[in-house]
Amino acid sequence: MTATLTDPNRPAQTPAFQKISGARQFKNYLAMSLMGLAFVVAVIPLVWLLVTVVVSGYEALVNADWWSKSLKGVLPEQFTGGVYHALYGSIVQAVVCAVIAVPIGILAAVYLVEYGNNSRFARITTFMVDILSGVPSIVAALFVFALWVTTLGFETSAFAVSLALVLLMLPVVVRSTEEMLRLVPDELREASYALGVPKWKTIVKIVLPTALSGIVTGVMLATARVMGETAPVLVLVGYSRSINFDVFGGNMASLPLLIYNELLNPEEAGQLRVWGAALTLILLIMFFNLVATLISRFSAIKTK
Amino acid sequence: MAKRFDIKDLNIYYGKFHAVNSVNLAVPPRNVTAFIGPSGCGKSTVLRSLNRMHEVIPGARVEGKVLLDGEDIYASNVDPVEVRRTIGMVFQRPNPFPTMSIKDNVVAGLRLAGVKNKKQLDDVAERSLRGANLWNEVKDRLDKPGGGLSGGQQQRLCIARAIAVQPDVLLMDEPCSALDPISTLAIEDLITELKKEYTIVIVTHNMQQAARVSDQTAFFNLLGVGQPGQLIEVDDTEKIFSNPSQKATEDYISGRFG
Amino acid sequence: MVSIVLIGLFLLIQAVPSLLVDNINFFTSPEWSTGDVANLRFGIRDLLVVTILSSLVALVIAMPVAMGIALFLTHYLPPRVARPFAYVIDLLAAVPSIVFGLWGAKVLGPALEPLATFLNTKLSWFPLFSGNNVSLAGGGNIFTAGIVLSIMILPIITAVSREVFQQTPVMQIEGALALGATRWEMVRTTVLPFGRSGYIAGSMLGLGRALGETVAVLLILRSSPLPSSFSVFDGGYTFASKIASAAPEFSEPLSTGAYIAAGLVLFVFTFAVNALARYVAGRGKAKAS
């Protein structure tokens, strides 16, 4: 080989590397382009949707009344009034839901991580949480209707909505809390046991505080998620054009319900309210997501 | 087929970290070159840069030249895929493709290159498995998954897979570190046979192994924490193990550190 | 956690009285009239057809796109760039379903009308494209609903696939690259076989979401007096949208029971799909270790 290299009459040197075939290279680039294209395909509807909502709805939001007035006494064709009654409903229903779901969810997660030990009951619980997370919101709503309204005889109310939302929020809270608790290093627990601290106290004083910011982040995300749910409000509470502070009785508006009802209003003012409420709902959810992100960023769990 | 390597002033970086400093080394064809040295001295990094496998790690880059029979594998018109096709590699832990049968594992490289002829694939599979001293052990179960073999057999399967594409050079990154002594011996015997046809570069932690299988040995060392790895000296294996010219080499070989 | 059993039991108890007085076959009839309590006639055939067709359209579109995105994010883009890109996809999950419905009904549906007309008239040899029981104008059909559903389930399929693709052992990836595989060949020989069961499980989770999605479908689909013609250009109701559409009139227990029966079928359906997803994922995990 080395001899031929020095031969002045040698033919053009054979390349050291065999070129990969054009077909293979083509396939490689094709695959990469298709993947990039898939991403673009997914972004188009997102951008399209957001732009549509912002362009069609921002006009409603810049009006000061939007945030401070309800639609009480506003005629369908009037460009006045606001959504403060619906904003109140959305937030209150989600908060009531969180007040019920968060303690149960955290207790369940603590059981699974600290006491479950992969026992039979723990495995069944995990399986149930998995399945519960797949229950469609309309089924959850129907269940609460069957239990709360038909069987127990209560009237439809914002509280019934919150109960249905609990079913949807619970699996999310359990999962995220579980994940955070598992991130807490065992050395911390052992250090506490070594000082003679009982298990329950170790969990309350050491484990939960360590995981707290992660748990709060999960709760915020879960709350944001249930705020966008429409099926439960359609089934479990009537729409009201004015403010109702009573969680246990009467009709109460929420942003999704307002959108759904104003859709029936053919007037231009109704359309503006629809898009305005959609934009408000997105902003509300984004706000909760943003808070969640900020919490997780500035107080990440101290694993090291 | 076997080709020679010339490594000229090779520097390797991971992001801002300077991992290996200015390596100059010639690897003759049909010859086994062993890289030895303490952990973290950059010997595996240098080996991986010889077929551009280090590029798998984000942020890794090299400066300098690696010439294969005079051609720079880092030239701008050279695709890393071509380089790896020409320079085979065997890893620390055997890594057969778990979803493929033994035979499919061996011919995976050829299949990628577009060979479809069944007869040719069968022939290559047999030849490569014989070449890896594995044929007699697996000829009755070529269609079984490769994951069912013992660790030593899996490693020879990976060697068969590497030589099936008839590379010019074989790189081995501590190929025996996960194996028991008997499998290690089998692989060492195999290396001695393979060097009749291939240029082989092997990284090893085991100095007896370097002494047994290699013709030439390169000793790498770290000058200090956070400092880049250095090639201290390279020479005939016999000379390195009997009369090295550097004090650090002698200390390492006699077990005084590392 | 007994809530799962409770849900099933409660729905069943409340559905049985209505099912007993149903005057037509519950499973095979396309009819749905619950106004006259003395003569209840309700069958779920068309609900089933519309639910399955719209979910299938969603899955057929979302599965390849999600796989492409997941591979792109895990094995093509450098991690630093991939993170914000992944965040963009997750943003899709933050958009509430009623907004998707609004956009689908008011913006996407009309925009898709020419394409729908083309498929419906020029490619009608394909069974799912032939026929329509609602006008194509405005796009209030399964085709539009399916596309919107595909966008809605994209984040979950992508997220699950991303996670499993990411876990492909580096050893295998390096093994393929060292043999001279191109990036795509590496993906095909190592990442896809490794991640297949996770990808399928993620798709099943997405399917579960699509089957149960309520308000987006309700806003998009136009109702039709005609029975289903088994075409993606039909209108009508899915289980979920049917229930939601009748919600304000849940006063008479017997007619409510008919809807609860539909809800029960949906519940069993999604339960089966989700359980299957867990099973597939669990088996994949067992095989990988």
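Residues numbered from 1 in each chain as written. Chains lettered and ligands numbered in written order. Predicted model: local features only at pLDDT ≥ 70, side-chain atom pairs only at ≥ 80, totals over all residues. Heavy atoms only, no water.

**Focus: the UniProt feature "transmembrane region" (unreviewed entry) in chain A**
All names here are of chain A. With numbering matched to this structure, UniProt assigns "transmembrane region" (unreviewed entry) to residues 29–51, 91–113, 125–150, 156–174, 206–227 and 274–295. Its end C-alpha atoms 32 Å apart, residues 29–51 is made of 100% helix and 0% strand. The span residues 91–113 shows a helical share of 100% and a strand share of 0%, and its end C-alpha atoms are spaced 31 Å apart. (UniProt positions renumbered as here; feature names shortened; annotations may be inferred. Helix = DSSP H or I, 4+ residues; strand = E, 2+ residues; numbered from the N terminus.)

**Some remarks on the sheet that holds strand E10 (residues 229–236) of chain B**
Residues and elements named next belong to chain B. Reading across from one edge, E5-E4-E1-E2-E10-E9-E3-E8-E7-E6 is the order of the 10 strands in this open sheet, with mixed pairing throughout. Each having just a single partner strand, strand E5 (71–72) and strand E6 (87–90) make up the two edges of the open sheet. In the sheet, strand E7 (residues 169–173) pairs with strand E8 (residues 199–203) via 5 bridges, with the strands oriented parallel. Bridge pairing in E8 places Met172 opposite Ile202. Taken strand by strand, helix H6 (residues 151–164) contacts E6 and E7, and its axis lies near 175 degrees from that of E6. (Pairing = 2+ DSSP bridges. Contact = heavy atoms within 4.5 Å. Axes fitted to C-alpha atoms, helices over the stretch in contact; angles between N-to-C directions.)

**What about the UniProt feature "domain: ABC transporter" (unreviewed entry) in chain B?**
Within this numbering scheme, the UniProt entry marks residues 5–247 of chain B as carrying the feature "domain: ABC transporter" (unreviewed entry). Annotation note: span residues 5–247 of chain B, helix share 35%, strand share 27%, distance between end C-alpha atoms 27 Å.

**Observations concerning the interface of chain A and chain C**
Counting from both sides, the interface comprises 62 residues of chain A and, opposite them, 63 residues of chain C. With both sides pooled, the region where chain A packs onto chain C buries about 5,500 Å², and carbon together with sulfur makes up 81% of that total. Its largest share of buried area at the contact with chain C, chain A owes to A:Met35, A:Phe39 and A:Leu142, together 12% of the area lost on that side. Salt-bridge contacts for C:Glu185 lead to A:Arg24; the nearest nitrogen and oxygen are separated by 2.7 Å. (Buried area = accessible area lost by both parts, 1.4 Å probe. Salt bridge = Lys/Arg side-chain N within 4 Å of Asp/Glu carboxyl O.)

**Quick look at helix H6 (residues 170–178) of chain C**
Buried residues dominate H6(C), accounting for 7 of its 9 residues. Every buried residue belonging to H6(C) is among C:Gln172, C:Ile173, C:Glu174, C:Gly175, C:Ala176, C:Leu177 and C:Ala178, and all of these are buried. Looking at the packing, one finds that the buried side of H6(C) touches helix H1 (43–49), helix H2 (80–86), E6 and H6 of chain B together with helix H2 (45–76) and helix H7 (183–212) of chain C. The positive-phi residue at the C-terminal boundary of H6(C) is C:Gly180, with phi of around 90 degrees. (Buried < 20%, exposed > 50% of the residue type's maximum accessible area, 1.4 Å probe, protein only.)

**Regarding the domain arrangement of chain A**
Residue and element names in this part refer to chain A. Per the domain assignment, the segments making up chain A are domain 1 (23–62) and domain 2 (84–298). Contact with domain 1, which involves 11 residues of that partner, is made by 8 residues of domain 2. With both sides pooled, the region where domain 1 packs onto domain 2 buries about 750 Å², and carbon together with sulfur makes up 90% of that total. Considering only the surface of domain 1 that becomes buried against domain 2, Val53, Ser56 and Leu61 emerge as the three largest contributors, covering 55% of it. Taken together, the residues that form the side of domain 1 that touches domain 2 break down as 7 nonpolar, 3 polar and 1 charged. (Domains from an automatic or database assignment. Nonpolar A, V, L, I, M, F, W, Y, C, P; charged D, E, K, R; others polar.)

**Observations regarding the pairing of strand E2 (residues 17–27) of chain B**
Residues and elements named next belong to chain B. Judged from the 7 bridges that link them, strand E1 (residues 5–14) and E2 form a sheet pairing that is antiparallel. Bridged to Asp6 within E2 is Ala26. Pairing of E2 with E10 involves 2 bridges; the strand directions are parallel. Bridge pairing in E10 links Asn21 to Gln230.

**Side note on the nonpolar core**
Core analysis: the largest hydrophobic core is formed by 238 residues, its most contacted members being A:Ile138, A:Leu236, B:Phe5, B:Val23, B:Leu171, C:Ile69 and C:Phe250. Ranked by residue count, the leading element in this core is H2(C), at 16 residues. Each of domain 1 (23–62) and domain 2 (84–298) of chain A contributes no fewer than three residues to this core. Discounting residues that sit within four places of it in the chain, B:Val23 has contacts with B:Ile7, B:Lys8, B:Asp9, B:Leu10, B:Val46, B:Phe220 and B:Leu231. (Core = buried A, V, L, I, M, F, W, Y, C linked by side-chain atoms within 4.5 Å.)

**Overview of a negative patch on the surface**
Among the surface-exposed residues, A:Glu59, A:Glu77, A:Glu267 and A:Glu268 lie close enough to one another that they form a single negatively charged patch. For A:Glu59, a relative accessible area of 52% gives the class exposed. (Patch = residues over 30% accessible without salt bridge, like charges linked within 9 Å, V, L, I, M, F, W, Y side chains within 5 Å. Areas by Shrake-Rupley, 256 points an atom, 1.4 Å probe, with all protein chains shown as cover. Lys, Arg positive; Asp, Glu negative; His and termini not counted. Charge placed at Lys NZ, Arg CZ, Asp CG, Glu CD.)

**A short note on the interface of chain B and chain C**
Chain B puts 23 residues into the contact, and the matching count from chain C is 17 residues. Summed over both partners, the interface of chain B with chain C buries about 1,700 Å², with 72% contributed by carbon and sulfur atoms. Among the residues of chain B in contact with chain C, B:Val81, B:Phe97 and B:Leu112 are the three that bury the most area, contributing 33% of the side total. If you look at where chain B meets chain C, you find 1 salt bridge. The shortest N-O distance in the salt bridge between C:Glu174 and B:Arg48 comes to 2.4 Å. Across the chain B-chain C interface, the total number found is 2 residue pairs in polar contact (both at pLDDT 80 or more). Listed by contribution, the elements that provide at least two residues to the side of chain B that touches chain C are H2, E6, helix H3 (102–112) and H6 of chain B. In the side of chain B that touches chain C, the residues fall into 14 nonpolar, 4 polar and 5 charged. (Polar contact = N/O pair within 3.5 Å; in protein donor to acceptor, adjacent residues only side chain to side chain.)

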